[in-house]
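Chain by chain, the residues run as shown.
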Amino acid sequence: MPSPPVASTTPPAPRGVTVPSIVPPATPAVVPAPASSALRAGELFQVLRDGHARTRAELAEITGLARSTIATRIDALMACGLIGPAGEAVSSGGRPPSRFAFSASSRVVLAVDVGATHVLIALTDLGGRVLDESRAAIAVSVGPAAVLDLVVEQAKHLLERSGRDVRELAGIGIGLPGPVEHSTGRPANPPIMPGWDGFDVPARVQESFGMGGELDVLVDNDVNIMALGERAGFWPVEENLLFVKVATGIGAGIVGRGLLQRGADGTAGDIGHVRLARGDGVLCRCGNVGCLEALASGPAVAAALKAAGVRAESAEDVLDLVRHGSVEAVQAVRQAGRDIGEVLATCVNLLNPSVIVIGGGLSAAGEYLLAGVREVVYQRSLPLATARLRIVQSMAGDRAGVLGASRMIIDHVLSPDRIGALVADA
């Protein structure tokens with residue numbers, strides 16, 4: 001199938017850019033065996049998710065299960081294609097023992113990051129490694145039908161180009177630039193997404209693939225999945241992380257004790273509409289005045305420069321001015337960093353993260369933006385809360401969303417319960 005003219009495809013890892021595989025959570029030294037035999041297979045599989053090959057004897061030592069039970073579970077997991085042989089270990093006498101490892105390539109995941117003016121779609125394996133990707137320019141404001149139809153069309157093209165069948169799909173993860181009710185996958189009053197409110201995104205995608213409820217489709221706010229992607233790829237040992245997206249809008253994804261914190265209704269981290277003292281009279285698109293987004297987002301910085309007589313129509317113009325040494329642009333970006341830092345100082349005192357990652361389009365300004373953030377956060381937060389705090393630029397860049405969408409699906413389909421059910425049905 002030829003690639004639609006609206007989209008351009010790029011290789012998964014451009015020269016000089018490393019796209020990480022998703023790192024699974026650390027496995028405890030001993031995994032307690034649940035009562036259900038099916039769940040024991042699911043628990044055993046979690047030990048192998050780190051990609052290290054192990055023998056039956058090593059698995060028995062780690063889990064505390066009998067070797068006969070290990071052998072049965074290994075056979076069941078191999079029958080499902082989730083693990084496979086990985087050579088032989090060194091023999092201590094007699095026949096060398098066989099080793100087994102996670103077969104990350106057995107299934108694939110489609111990861112979708114929908115932005116205000118673009119979609120990025122990646123095909124990954126079950127280890128989170130990007131196999132291929134496609135980018136397309138489309139405004140989310142054109143409505144869910146047009147956007148999702150393009151997503152499905154490009155997704156099917158990626159599958160075909162990679163030689164994978166739709167039946168090999170483990171699931172589809174989607175990030176949207178607005179509040180989402182994660183349990184249903186429906187957007188909830190998204191401010192920049194006319195026509196999306198309450199739209200059944202999973203049902204539309206499942207129907208387009210002709211798989212109904214057999215295909216897992218999970219949807220979340222784009223900043224949440226960016227937080228998942230950044231942590232999985234670059235900060236896997238950090239239990240408390242705050243990801244801040246600074247682009248057309250401003251929002252935060254909160255990871256606490258290793259888990260994404262969505263809040264009661266999925267709006268946790270909506271820091272873009274916190275009011276700042278210096279914002280009196282500045283109208284925000286939400287209808288209020290003085291919001292952080294109205295002062296420090298990419299479009300807001302561009303508008304401030306334009307009002308000061310500097311030619312800037314967009315965030316891209318701002319970044320270009322910064323790269324060319326415009327003093328006015330550098331000062332405007334630094335002030336945006338201070339405004340963001342004013343809100344984040346409260347977040348630091350409240351949440352006590354160990355890492356704050358700044359991502360999104362305007363983060364490409366690098367240290368000019370980060371310097372403003374650090375200046376205010378370290379000045380206004382409690383010393384104890386900032387003693388080990390790092391404020392850094394996103395390392396995942398514009399792939400944070402697709403890495404996180406992939407991780408969201410992988411953790412869902414490879415959970416102990418789901419693996420146990422799969423083995424039981426095999």
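Every chain's residues receive numbers from 1 upward, in the order its sequence appears when written. Selection of residues for local features in this predicted model requires a pLDDT of at least 70, selection of side-chain atom pairs for listing and counting requires 80 or more, and totals for whole chains, interfaces and linings are taken over all residues. Only hydrogens and water are set aside; all other atoms, that is, all heavy atoms of the structure, feed into the side-chain values.

The protein chain carries the name Sugar kinase in an unreviewed UniProt entry, which gives Tersicoccus solisilvae as its organism. Listed in UniProt under the heading Sequence similarities (unreviewed entry), the comment for the protein chain reads: "Belongs to the ROK (NagC/XylR) family." UniProt positions are given in the numbering used here, feature names are shortened, and annotations may be inferred rather than shown by experiment.

*Asks:* Lay out the overall build of the protein chain with the relevant residues and their values.
*Replies:* Runs of E in the DSSP output that reach at least two residues are strands. Runs of H or I that reach at least four are helices, and both are numbered from the N terminus. Summing up its helical and strand segments, the protein chain has 14 helices and 16 strands in all. Relative accessible area decides the class of each residue, using a 1.4 Å probe on protein chains only: under 20% of the type maximum gives buried, over 50% gives exposed, and in between gives partly exposed. Across the 426 residues in the protein chain, those meeting the buried criterion constitute 51%. Across the protein chain, the fraction of contacts at a sequence separation of at least 24, relative to all contacts at a separation of at least 6, is 63%. Accessible surface area values rest on a Shrake-Rupley calculation with a 1.4 Å probe, where residue burial reflects the displayed protein chains alone. Roughly 18700 Å² of accessible area belongs to the protein chain as shown, and the carbon and sulfur atoms make up 53% of that amount. For this analysis, residues touch if any pair of their heavy atoms sits within 4.5 Å.

*Asks:* Describe the side chain of Asp220, with residues and values.
*Replies:* Positionally, Asp220 belongs in strand S11 (residues 217–221). Pairing of N or O atoms within 3.5 Å defines a polar contact, subject to two protein rules: one partner must be a possible hydrogen donor and the other a possible acceptor, and residues neighboring in sequence count only if both atoms are side-chain atoms. Of note is the side chain of Asp220, whose polar atom sits 3.1 Å from the side chain of Asn224. With near-sequence residues (within four places) excluded, Asp220 lies in contact with Ile174, Gly175, Leu176, Val180, His182, Ile225, Leu260, Arg262 and Met408.

*Asks:* For the sheet that holds strand S15 (residues 355–359), give the residues involved together with the corresponding values.
*Replies:* Paired strands, as defined in this entry, are two strands with at least two bridges between them according to DSSP. Read across the open sheet, the five strands follow the order S14-S13-S12-S15-S16; overall the sheet is mixed. Strands with a single pairing partner mark the edges of an open sheet, and in this sheet they are strand S14 (259–260) and strand S16 (390–393). Bridge count between strand S13 (residues 250–256) and S14: two bridges; the pairing is antiparallel. Of the residues in S14, the one forming a bridge with Val255 is Leu260. To get an axis, fit a line to the C-alpha atoms, keeping to the stretch in contact for a helix; angles then go from 0 to 180 degrees between the N-to-C directions. Strand contacts of helix H6 (residues 222–234): strand S12 (241–246), S13, S14 and S15, with the helix running at about 125° to S12, the strand carrying the most contacts. Lying on the sheet, helix H11 (residues 367–380) is in contact with S15 and S16; it crosses S16 at an angle near 165°.

*Asks:* Before we move on, could you go through the pairing of strand S8 (residues 169–176) and cite the residues and values that matter?
*Replies:* Most of S8 sits inside the fold, with eight of its eight residues counted as buried. Summarising the sheet, strand S5 (residues 108–114) and S8 pair through six bridges and their orientation is parallel. Among the inter-strand pairings, Val112 is bridged to a residue of S8, identified as Ile174. Note: S8 against S11, five bridges, orientation parallel. Bridge pairing in S11 places Gly173 opposite Leu218.

*Asks:* Which residues make up the sheet that holds strand S3 (residues 83–88), and what values go with them?
*Replies:* By way of backbone hydrogen bonds, the strands of a sheet pair with one another, either parallel or antiparallel. Read across the open sheet, the three strands follow the order S2-S4-S3; overall the sheet is antiparallel. Only two strands of the sheet have a single neighbouring strand rather than two, namely strand S2 (54–55) and S3.

*Asks:* I'd like a rundown of the packing of H6 against helix H13 (residues 400–413), residues and numbers included.
*Replies:* Relative to each other, H6 and H13 sit at 90°, their axes nearing to 6 Å. The orientation of H6 relative to H13 falls into the category roughly perpendicular. Where H6 abuts H13, its residues Ile225, Met226, Leu228, Gly229, Glu230 and Ala232 lie against Ala400, Gly401, Leu403, Gly404, Ala405, Arg407 and Met408. Think of it as three bins: nonpolar holds Ala, Val, Leu, Ile, Met, Phe, Trp, Tyr, Cys and Pro, charged holds Asp, Glu, Lys and Arg, and polar takes everything else, Gly as well. The residue inventory of the contact of H6 with H13, partitioned by class, reads eight nonpolar, three polar and two charged. Note that the term roughly parallel is reserved for angles under 35 degrees, roughly antiparallel for angles over 145, roughly perpendicular for angles of 65 to 115, and oblique for everything else.

*Asks:* Can you break down the packing of aromatic side chains residue by residue, with the values?
*Replies:* The relation between two aromatic rings is expressed through the spacing of the ring centres and the mutual angle of the planes. Aromatic pairs are defined between Phe, Tyr and Trp rings, using the six-membered ring for Trp, whenever the two ring centres lie within 6.5 Å; interplanar angles under 30 degrees are classed as stacked, those over 60 as edge-to-face, and all others as tilted. In the structure shown here, the tally under the stated rule is one aromatic pair. Note on Phe45 and Phe102: the rings are 5.3 Å apart at their centroids and 85° apart in plane angle, and the pair reads as edge-to-face. Here Phe45 is found in helix H1 (residues 37–48), whereas its partner Phe102 is found in strand S4 (residues 98–102), with 57 residues between them in sequence. Phe102 sits in the buried class, given a relative accessible area of 14%. Between the NZ or CZ atom of Lys156 and the centre of the ring of Phe209, over which it lies, the distance is 5.6 Å. Only lysine NZ and arginine CZ atoms are considered, and such an atom sits over a ring when it is within 6 Å of the ring centre and within 35 degrees of the ring normal.

*Asks:* Tell me what's going on with H13, and back it up with residues and numbers.
*Replies:* A helix is expected to span 1.5 Å multiplied by its residue count minus one. Between the first and last C-alpha of H13 there are 20 Å, a value that for 14 residues agrees with the 20 Å anticipated at 1.5 Å per step. Inspection of H13 places Ala400, Gly401, Val402, Leu403, Gly404, Ala405, Ser406, Arg407, Met408, Ile409, Ile410 and Val413 among the buried residues, and these make up the whole buried set.

*Asks:* Any details on H11? Residues and values, ideally.
*Replies:* A rise of 1.5 Å per residue sets the reference length of H11, with its 14 residues, at 20 Å; its end C-alpha atoms lie 20 Å apart and thus fit the reference within 8%. Within H11 the residues assigned to the buried category are Leu369, Leu370, Gly372, Val373, Val376 and Val377. Take H11 and look down its axis: the buried residues cluster within an arc of 160°, on one side only. On its buried face, H11 sits against helix H10 (327–351), S15, helix H12 (383–386) and S16. Each direction from the helix axis to a C-beta atom contributes to the arc, which is the arc of those directions.

*Asks:* Which residues make up the packing of helix H8 (residues 298–307) against helix H9 (residues 315–323), and what values go with them?
*Replies:* Interaxial distance between H8 and H9 falls to 8 Å at its minimum, and their mutual angle equals 65°. Considering the angle they form, H8 stands roughly perpendicular to H9. Crossing angle aside, the handedness with which H8 passes H9 is left-handed. For the pair formed by H8 and H9, the contact residues are Gly298, Val301, Ala302 and Leu305 on the first element and Ala315, Val318 and Leu321 on the second. Handedness of a crossing is defined here by the sense of rotation of the near helix relative to the far one, left-handed for an anticlockwise turn of less than a right angle and right-handed for a clockwise turn.

*Asks:* Would you mind going over the pattern of salt bridges in detail, with residue names and values included?
*Replies:* Charged atoms that come close allow side chains of opposite charge to pair. Here a salt bridge means any side-chain nitrogen of Lys or Arg lying within 4 Å of a carboxyl oxygen belonging to Asp or Glu. Under the defined criterion, the tally for this structure stands at 24 salt bridges. Ionic pairing is found between Arg334 and Glu375, a salt bridge with its closest N-O pair at 3.2 Å. Here Arg334, found in helix H10, pairs with Glu375, found in helix H11; they are 41 residues apart in sequence, far enough to count as distant. Looking at Arg334, the relative accessible area reads 31%, which means it is partly exposed. Judged by its relative accessible area of 32%, Glu375 falls in the partly exposed class. The partner of Glu367 in a salt bridge is Arg374, with the nearest N and O atoms 2.6 Å apart. For Glu367, a relative accessible area of 49% puts it in the partly exposed group. Where salt bridges share partners, they join Glu133, Arg135, Asp398 and Arg399 into one cluster.

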